[in-house]
Amino acid sequence: MAMLNSNGFVLTTVDELLSWGRRNALWPLTIGLACCAIEMMHAAASRFDLDRLGVIFRASPRQADLLIVAGTVVNKVAPMLKLLWEQMPDPKWCITMGGCASAGGPFPTYSTLQGMDRIIPVDVYIPGCPPHPQGLLYGILQLQKKIKEKGVKKYDKAFEEFKKDMERQGLIPREITV
Amino acid sequence: MPWMNRVVADKVKLEFKDVDVEFTKHTTNLHVRQERLIDLLLYLRDKAGYKLFIDHTCIDFPEKKERFQAVYILHNPESNERVIVKTWAKDGKLPSLERLWPCAKWAEREAYDMFGVLYDGHENLRRMFMWEGYPYFPLRKDFPMEGIPEVELPSLTEIYAGRKEPPSHDYEFMHTRVPTLEDLERTEKSRLQKKAQLVLNWGPLHPGTHGTIWFLFDLDGERVVQSDVILGQLHRGMEKIAENVYYFQFLPYTDRMDYISAICNELSYVTAVEKLLQVEVPEKARYIRTMFAELQRINSHLLWLGTGALDLGALTVFLYAFREREKIMDIIEGNAGFRLTTAFLRIGGLHYDLAEGTLDVVKAFLKDFPAKLREYHSLLTRNRIWLRRTKDIGVITREDVFNYGLTGPVARGSGVPYDIRKLEPYAAYDEVDFDIPVGEVGDVYDRYLVRMEEMVQSLRIIEQCVSKLEKLPKSAPYVNKEHPAVMAPKEDVFMDLEDMVKNFRIVVHGESAPPGEVYVSGENPRGELGFYIYSVGGSKPYRLRIRSGALYNLSIFPKLIQDGTIADAIALLGSLDPVVGETDR
Ligand code: SF4
């Protein structure tokens, strides 16, 4: 906790300072998958204006620390999304927007991934089909709260799983022939 | 739209003795032996004038010997007639139509992907939506909708929090097959044999591709030597779902196809089902439908304008266009309760009556919007950068419109006045006055102008709908609840036992449709969205094929971009305006 003492000094911890900076400058990756992406665009456009929260969309995963999965994740796109997630530098967070990304939504079919958390650990799930832009704003505020309370997550455990998973599936790309 | 008449059918019969002509209630079908298929189609295209390729798909009959029946739908732009040609696959094989209509290549790839039908003479028969190495053919009748759970994919959120027994939430560990990156690489490599310097992947996760389309460009410097498009990054199995749910249950799924113009999709779908079930729609409902479909068209064109301009570097237009979009979204939300995926229409009418004050808000919008349109025009139409980026880029000739099955603003931009609202009026389009804008050159700029003018025409239609709706009494019915297959409106269900029982019956057992087939299409902002329903009776369609305008419009992309530059690809794609939800379904 930051405190203002009588001499006008602010006392805080480095952790707290970093967390303050992190939660107020969440930069999501510009990725739209389906219908929910339209609502995400609306959230970023004139009326809802995500910039107010310090949320600025970046086109490169190297500059982003938040992945908003907006839309249906089908099996075919899942490994690529995971690749992007792995290209994002730590610390990073993931919000699933909408029923599809959270748990498969209205598509319990052969081609749809039943929930983004099957391949990426998720921090905030936003229900809705699609969620209202206000819902997305609320989700981002919740994430800020989470970062404030929990600090930066350690992903070691999840990474272990990733690595095992990658080895199992042979996800490390090699040159192949057709 | 009328179907092939008896005079033409007799001529066909003279020419081809063994063709069976079948006049069903809603269509004209020509049954032909497979050996004669190409000859018949050639005759239809060159002699009889059926030159616009609408769609091709297959139907699976597991109990029949040949199993797969191929269905081709063609359209004659002169006499404005359609025809369906049917043939059976032989040993799971069909001849490829690639030489007749180049867009058939994509339809055949899809049929191969979904049914496993092979095409003789296809240049590169590959998986359309799934990846290379995927072992199943999902639309076959013996494949379950849920797929086959075969890999273990536990929730990582749960693993991170420490896995518990029983698990923290209710889900299945086992999941259907997910490809590896190698599978995807194999898919990519199988599509394009490198000829020039470098193969550039554009997409699938790229802000400029309007969703998740995956483009491959074989580049020689800036110049594109050849290219291909990989789809399926949003293939959700809509057609499979349709076979497994009741007719009314599929309605919300149509919203999620072309999610930018949800109400137009619904309108096409309910029109098709209403034709099959023979439901009359009350006048009020028809006008409300028309009004909202046109509002949605403006809404959709605004999104195209905003993102298309954004791709070419004009951020202002994006913000301005979204300002107007929000207003339309509010009108829609006030009536349907949902902004984007509305589910506002119902088979036989609407879900809700017009909300109090809607017409006033719409009138205010009508008054306000022309000034906004002028604003967009002043930003772009004579803007030098805009002209340089769009003039004479991606010119589509009139022949190509027919060869590639192009519809919607893309066809009209090339001077083909193909508009289902005029050719086969549905809802209240035959009672309102409007013009069809057409382009001359067929370049990106013409398509831009056509869409801008379409918004003006939509305003005209909305204005007429408003004045009509003002005259209609408030108590006029908005659902034809007398029909046995139409659900009664909510307020009646709570007050009336009979209505409640009827709704209960429909929800539990579904509507029962007569056997037969229909093909009905609507004019979507993206082109012709058609529904081909093959019913064998019962409450679920045996086969529901969605003819996507966006898919066929996109099929010309590789041809147009050849010898162009990468920068043109972005302008070109924006002008074709595909939505992945619809191309992939
Ligand atoms: S949750 Fe609904 S709106 Fe969002 S992507 Fe899925 S189907 Fe579309």
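Residues numbered from 1 in each chain as written. Chains lettered and ligands numbered in written order. Predicted model: local features only at pLDDT ≥ 70, side-chain atom pairs only at ≥ 80, totals over all residues. Heavy atoms only, no water.

Another point: the pairing of strand E11 (residues 214-220) of chain B. Residues and elements named next belong to chain B. Most of E11 is tucked away, with 6 of its 7 residues classed as buried. In terms of strand pairing, strand E10 (residues 198-202) meets E11 through 5 bridges, oriented antiparallel. Each bridged residue has a counterpart across the sheet, and for Leu-200 the counterpart in E11 is Phe-217. As judged from the 7 bridges shared by E11 and strand E12 (residues 223-230), these two strands associate in the antiparallel manner. Pairing of Phe-215 across the sheet is with Val-229, part of E12. Once E11 ends, the chain turns through 2 residues before running back antiparallel as E12, passing Gly-221 with a positive phi of about 65 degrees. (Buried < 20%, exposed > 50% of the residue type's maximum accessible area, 1.4 Å probe, protein only. Helix = DSSP H or I, 4+ residues; strand = E, 2+ residues; numbered from the N terminus. Pairing = 2+ DSSP bridges.)

Here we take up the sheet that holds strand E4 (residues 93-97) of chain A. Residues and elements named next belong to chain A. Taken in spatial order, the 3 strands make up an open sheet running E3-E4-E5, and their pairing is parallel. Of all strands in the sheet, those bounded by a partner on one side alone are strand E3 (66-70) and strand E5 (124-126). Pairs of neighbouring strands in the sheet enclose a mean axial angle of 15 degrees, with direction left out of account. Bridge count between E4 and E5: 3 bridges; the pairing is parallel. Residue pairing for E5: Ile-95 is matched across the bridge by Val-124. Its contacts with the sheet place helix H2 (residues 35-44) against E3 and E4, and it is angled at close to 125 degrees to E3. (Axes fitted to C-alpha atoms, helices over the stretch in contact; angles between N-to-C directions. Contact = heavy atoms within 4.5 Å.)

We now examine the sheet that holds strand E2 (residues 28-31) of chain B. Residue and element names in this part refer to chain B. Read across the open sheet, the 5 strands follow the order E1-E2-E5-E4-E3; overall the sheet is mixed. Whereas interior strands pair on both sides, the edge strands pair on one side only; in this sheet they are strand E1 (20-23) and strand E3 (52-60). The average angle at which neighbouring strand axes cross in this sheet is 20 degrees, direction not considered. Of the strand pairs in this sheet, E2 and strand E5 (residues 81-88) are connected by 3 bridges, and their pairing is parallel. Note that in E5 the partner of Leu-30 across the bridge is Val-85. The strands that helix H1 (residues 6-15) touches are E1, E2 and E5; relative to E1, the one it contacts most, it runs at about 165 degrees. Of the strands in this sheet, E2, strand E4 (68-76) and E5 touch helix H2 (residues 37-46), which is tilted by about 170 degrees from E5.

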